[in-house]
Amino acid sequence: MVREMIKVKVLGRGIERELEWRKGMLVKDVLREVGFNTESAIAKVNGKVALEEEPINDGDYVEVIPVVSGG
């Protein structure tokens, strides 16, 4: 059985890894798996900004951009 994977890179954190893709996987699921939520990071899928409910497909490349806030 061939494992279906996606590549994930967290910008500015030096994290780059592969996650096993699952049918029905959404952007918010990927964020959660690398320690973020939709309020603490923005995701780009294959170079385009993606909303939390957008589906992830086998072979996608996801970049996670942590949001910096404060005062």
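See the structure printed just above.
A short tour of the structure in this document, coming up. (Residues numbered from 1 in each chain as written. Predicted model: local features only at pLDDT ≥ 70, side-chain atom pairs only at ≥ 80, totals over all residues. Heavy atoms only, no water.)

Below, the discussion takes up the pairing of strand E5 (residues 61-66). Bridge count between strand E1 (residues 5-10) and E5: four bridges; the pairing is parallel. Note that in E5 the partner of Lys9 across the bridge is Glu63. In this sheet, E5 lies alongside strand E3 (residues 41-45) in antiparallel orientation, the contact comprising five bridges. For Ala43, the partnering residue across the bridge sits in E5 and is Val64. (Pairing = 2+ DSSP bridges. Helix = DSSP H or I, 4+ residues; strand = E, 2+ residues; numbered from the N terminus.)

A few words now on the pattern of salt bridges. A complete count under the given rule lists four salt bridges for this structure. The shortest N-O distance in the salt bridge between Glu33 and Arg22 comes to 2.7 Å. Separated by 11 residues along the polypeptide, Glu33 in helix H1 (residues 27-33) and Arg22 in the loop between strand E2 (15-20) and H1 bring together distant segments of the chain. Given the relative accessible area of 32%, Glu33 is considered partly exposed. Asp29 is the salt-bridge partner of Arg32, the closest N and O atoms lying 3.3 Å from each other. Residue Arg32 and its partner Asp29 are located together in helix H1, separated by three residues, close to a single helical turn. (Salt bridge = Lys/Arg side-chain N within 4 Å of Asp/Glu carboxyl O. Buried < 20%, exposed > 50% of the residue type's maximum accessible area, 1.4 Å probe, protein only.)

Before going further, it helps to examine unusual backbone geometry. Not every positive phi belongs to a glycine, and Asn46 is a case in point at roughly 50°. Following the sequence through the fold, Asn46 ends up in the loop between E3 and strand E4 (48-50). Note on Asn46: relative accessible area 47%, which makes it partly exposed.

Note that Asp60 resides in the loop between E4 and E5. As a buried residue without a salt bridge, Asp60 has its nearest oppositely charged side chain in Lys48, at a separation of 11 Å. A distance of 2.7 Å separates a polar atom in the side chain of Asp60 from the backbone nitrogen of Asn57. Residues within four places of Asp60 in sequence aside, it is in contact with Ile6, Lys7, Val45 and Asn46. (Lys, Arg positive; Asp, Glu negative; His and termini not counted. Polar contact = N/O pair within 3.5 Å; in protein donor to acceptor, adjacent residues only side chain to side chain. Contact = heavy atoms within 4.5 Å.)

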